[in-house]
Amino acid sequence: MAAATTTLVASEESGSLVLAATGEWLVATAAELDRRLRGIEVPRGRRVLLDLTGINRLDTAGAWLLLRTEHDLTARGNTVEMRNLRASFEPLIDQVRTAGFVPPARHPRPAHHTIAGFIARIGEISVGLMARAYSILGFFGVVCATAVRLLRHPRRLNITAIVAQMEQTGVNALPIVALLTFLIGIVIAYQGADYLRFYGLENYTVQLTGASIFRELGVLLTAIILAGRSGSAFTAQIGTMRINEEIDAMRTIGLDPVEVLVLPRVFGLVLTLPMLTLCANFMGIFGGGLMAWSQLGIGIPQFLNQLSTIAPWSFWIGMIKSPFFAVVIALIGCYEGFQVTGSAESVGRLTTLSVVEAIFLVIVTDAVFSIFFSSLRI
Amino acid sequence: MPDQSREPIVRVRGLVNRFGTEIVHHGLDLDVIRGEVLGVVGASGSGKSVLLRTIVGLNRPVAGRVEVFGRDILALSDTDQREIEKRWGVLFQNGALFSSLTVAQNIEVPLKEYYAMPLPLMDEIAAFKIGIVGLPEGTGEKYPSQLSGGMRKRSGLARALALDPEIVFLDEPTAGLDPIAAGDFDTLIRDLRSSLGLTVFMVTHDLDTLFSICDRVAVLVDGKVRVGTLEQLLNDDHPWIRSYFHGPRGRAVLLSASDPLAGHEIPVTAPV
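Residues numbered from 1 in each chain as written. Chains lettered and ligands numbered in written order. Predicted model: local features only at pLDDT ≥ 70, side-chain atom pairs only at ≥ 80, totals over all residues. Heavy atoms only, no water.

## Examining the interface of chain B and chain A
On the chain A side, the residues contacting the 34 residues of chain B number 28 residues. Both faces combined, the contact of chain B with chain A buries some 2600 Å², and carbon together with sulfur accounts for 66% of it. When the buried surface of chain B facing chain A is broken down by residue, Glu124, Phe128 and Glu141 of chain B rank first, second and third, together holding 22% of it. Linking chain B with chain A are 2 salt bridges. The partner of Arg68 of chain A in a salt bridge is Glu124 of chain B, with the nearest N and O atoms 2.5 Å apart. In this assembly, chain B and chain A are joined by 6 residue pairs in polar contact (both at pLDDT 80 or more). By residue number, the principal contributor to the side of chain B that touches chain A is helix H4 (residues 119-132) of chain B, which donates 10 residues. Of the residues in the side of chain B that touches chain A, the class split is 17 nonpolar, 9 polar and 8 charged. (Contact = heavy atoms within 4.5 Å. Buried area = accessible area lost by both parts, 1.4 Å probe. Salt bridge = Lys/Arg side-chain N within 4 Å of Asp/Glu carboxyl O. Polar contact = N/O pair within 3.5 Å; in protein donor to acceptor, adjacent residues only side chain to side chain. Helix = DSSP H or I, 4+ residues; strand = E, 2+ residues; numbered from the N terminus. Nonpolar A, V, L, I, M, F, W, Y, C, P; charged D, E, K, R; others polar.)

The structure is reproduced here in structure tokens:
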């Protein structure tokens, strides 16, 4: 049998309109057939004969098109008769007919693309942010209350979990923190020397580098690295546990998820961030010193001498800020983990959000401390 | 149409799968014949899902040959691979729906991938696949996280059937469904088989499904399969097969399956 073209041909036959279907009526040819069907003009009230002799292959999409045509024409008032369907295709037509006509689903509403929509979105986001801030504050309260309860029953303290977190967030982060702060030390010293030389003040390079790193850069850089590294890890871990119903299982066993999951992470980070900051300060100074030696020929004794002229408060301010940054990062990371709902998209979105929020709040906290300490004239 | 009725769609020869030191399949041979419903059973850990995953190309075996539609799937070019992927559908154990898309959009993914169709037509086809698998009207707009387990499985089946495949692979389709839903699922598979000529490869633990719709059953024991009709397997003397089909649950199902009034009476467990 020669391969018939897949199409629908309209013709007249004793007063009725004959639509002869030929070829392969499959999902592969559905688009073309749909176009043909829509292009055919059927006068109202006419009797229509669907001649299906020429169909040599039929699947559910093809059957659907036939039945949809029959349905639509009947609804318009035409009488429709299907003829000459091959017997082997009858179960298929019956199955499709029984499935009925399910109306197509509406697609989710598209994003607002108008000016008014844009302003509305700004409004929605602002309100959302306030609600979120309120919720995070509440979470902070829960964590504090749980911590107090735990410290009153010190035997429940899970030292192993805390140490495990310290290894994950602290020890494993050491190489990257050391490397990055070392490089920053080099950059600050180099740029600083270059600029100060213009004023003939290059002898103050070491003080500049030291003060910046001790007071701000060491701790801030470490906090940002950890926000990216550990904050996102906390969100992803806790989020996936939410999806796997592990948190629900914990609750039914009588374990408090905050005590089991959140507190070890918070305590672990609070203990490791200051230690990492110490390391960061050291590496930053080391990098700075290396640059000072190579650019300005400052030897070790002179270098240490100049370092000692930096006010000790610079160092202590940096160290004091570190546990606060740790609390912010761990809190946000865990909070967003608990916000995860059942989808992969949700995990990705909230992990990103957790890192951005943590970095934002760390810098805001830094600014607050800055104002605080400068008002104390330190 | 040429008579392909007894030709194997899937042909597995000498399959060896190993994970670490554990050998899961020891030179397994299996044929899946066009138009049949093949149930695949075995103890937990016997490698049923691994077998299914190997046949659909998700797992590379250590040794052996797997042919689907007469082509060696371990040595396919990308174009040939796509051609084969159009002709099969896979239902994973938990539905495996894409979580950021609605059910209707999920069903449209294969349509969009292989055929250039206007969106309204795709919407219609998706809606009607939803109807065919027996899901209620509003399901298309819902996201997978809003569905119950049974509805997720049916949605997964609707997506597996989107391109009217010649063979569907089902991984424990009735696991976790209530008996009515499981029975409906069996009926659905039977109807699809008779109207579409669908071949079904079904990994299952469900004895009721095995007895009611499977033409043949492949039992995975000792790293190989023993295939036969249920009558043949009921007379098999392998110890695991005997306890599978003749244990208390097996006998309860046998009793209700052979009873002409089955479906109208509650099956009674035979005395041990």
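## Focus: the pairing of strand E2 (residues 22-33) of chain B
Residues and elements named next belong to chain B. Inspection of the sheet shows strand E1 (residues 8-19) paired to E2 by 9 bridges, in the antiparallel sense. Bridged to Val16 within E2 is His26. The turn linking E1 back onto E2 is made up of 2 residues, and Gly20 within it adopts a positive phi angle of 65 degrees. (Pairing = 2+ DSSP bridges.)

## Considering the environment of Lys129 of chain B
Take Lys129 of chain B: it is sitting in helix H4. Along the chain, Lys129 of chain B and Asp164 of chain B lie 35 residues apart, while their C-alpha atoms are 9.9 Å from each other. With residues up to four places along the chain from it excluded, the contact list for Lys129 of chain B reads Thr60 of chain A together with Ile107, Ala158, Leu161, Ala162 and Asp164 of chain B.

## Overview of the pairing of strand E6 (residues 88-91) of chain B
Residues and elements named next belong to chain B. Both faces of E6 are covered, namely the face carrying Trp88 and Val90 and the face carrying Gly89 and Leu91. Across 4 bridges, E6 lies against strand E7 (residues 167-171) in parallel orientation. The residue of E7 that forms the bridge with Leu91 is Leu170. (Buried < 20%, exposed > 50% of the residue type's maximum accessible area, 1.4 Å probe, protein only.)

## Some thoughts on the pattern of salt bridges
Applying the stated rule across the entire model yields 31 salt bridges over all chains. Note that Lys321 of chain A is salt-bridged to Glu216 of chain A, the shortest N-O span being 3.1 Å. A residue pair is termed long-range when its members are at least 10 positions apart, and Lys321 of chain A in helix H11 (residues 312-338) and Glu216 of chain A in helix H7 (residues 205-243) qualify at 105 residues. Of the residues examined, Lys321 of chain A reaches a relative accessible area of 1% and is grouped as buried. Where Asp366 of chain A meets Lys321 of chain A, a salt bridge forms, and the shortest distance between an N and an O atom there is 2.6 Å. Here the residue Asp366 of chain A occupies a position in helix H12 (residues 344-375), and Lys321 of chain A occupies one in helix H11, the gap between them amounting to 45 residues. The same class applies to Asp366 of chain A and to Lys321 of chain A, which are both buried. Within this structure, Asp34, Arg38 and Arg68 of chain A together with Glu124 of chain B form a network of salt bridges that share partners.

## Comments concerning the packing of aromatic side chains
Taken as a whole and assessed by the stated rule, the structure comprises 16 aromatic pairs over all chains. Plain terms: the ring middles of Phe214 of chain A and Phe315 of chain A are 5.5 Å apart, the flat faces sit at 90 degrees to each other, and that makes the pair edge-to-face. Highlighted residues: Phe214 of chain A in helix H7 and Phe315 of chain A in helix H11, separated in sequence by 101 residues. Exposure remark for Phe214 of chain A: the relative accessible area of 15% places this residue in the buried category. By the ring-pair criterion, three or more aromatic residues cluster together here, those being Phe324, Phe369, Phe372 and Phe373 of chain A. One residue, Arg87 of chain B, lies across the ring of Phe69 of chain B, its end atom 3.9 Å from the ring centre. The ring of Phe98 of chain B carries the charged tip of Arg159 of chain B above its face, separated from the ring centre by 4.7 Å. (Phe/Tyr/Trp six-rings, centres within 6.5 Å; stacked < 30°, edge-to-face > 60°. Lys NZ or Arg CZ within 6 Å of the ring centre and 35° of its normal.)

## A short note on helix H5 (residues 159-169) of chain A
Residues and elements named next belong to chain A. When we look at burial in H5, the residues that qualify are Ala161, Ile162, Gln165, Met166 and Thr169. Within H5, the buried residues cover an arc of 140 degrees as seen down the axis, which keeps them to one side. The outward face of H5, more than 90 degrees from its buried face, is lined by the exposed residues Ile159 and Thr160. Those residues of H5 that are buried are in contact with H7 and helix H9 (257-296). The opening residue of H5 is Asn158, an N-cap whose side-chain oxygen sits 3.3 Å from the backbone nitrogen of Thr160. (Arc of directions from axis to C-beta.)

## Remarks on the domain arrangement of chain A
One can read the domain layout of chain A as domain 1 (5-99) and domain 2 (157-375). Computed over C-alpha atoms, the centres of domain 1 of chain A and domain 2 of chain A are 69 Å apart. (Domains from an automatic or database assignment.)

## Quick word on a nonpolar patch on the surface
All names here are of chain A. A surface patch of nonpolar side chains, amounting to about 650 Å² of accessible area, comprises Tyr195, Phe198, Tyr199, Leu201 and Tyr204. Tracing the backbone through its elements, the reader meets Leu201 in the loop between helix H6 (174-198) and H7. The partly exposed category is assigned to Leu201, whose relative accessible area is 37%. (Patch = residues over 30% accessible without salt bridge, like charges linked within 9 Å, V, L, I, M, F, W, Y side chains within 5 Å. Areas by Shrake-Rupley, 256 points an atom, 1.4 Å probe, with all protein chains shown as cover.)

## Overview of the confidence of the model for chain A
Averaged over chain A, the pLDDT score is 89; the fraction of residues at 70 or greater is 98%. For chain A, per-element mean pLDDT is lowest for strand E1 (residues 7-13) of chain A, which scores 81, and highest for H11 of chain A, which scores 95. (pLDDT = per-residue confidence, 0-100.)

## Remarks on the sheet that holds strand E3 (residues 47-58) of chain A
Residues and elements named next belong to chain A. Judged by pairing direction, the sheet is mixed, and its 4 strands sit side by side in the order E1-E2-E3-E4 without closing on themselves. The open sheet has two free edges, formed respectively by E1 and strand E4 (79-83), since each of these has just one partner strand. Pairwise comparison of adjacent strand axes, ignoring direction, gives a mean angle of 20 degrees for this sheet. Relative to E1, helix H1 (residues 30-39) is tilted by about 30 degrees, and along the sheet it contacts E1 and strand E2 (16-25). The strands that helix H2 (residues 60-75) touches are E2, E3 and E4; relative to E3, the one it contacts most, it runs at about 175 degrees. (Axes fitted to C-alpha atoms, helices over the stretch in contact; angles between N-to-C directions.)

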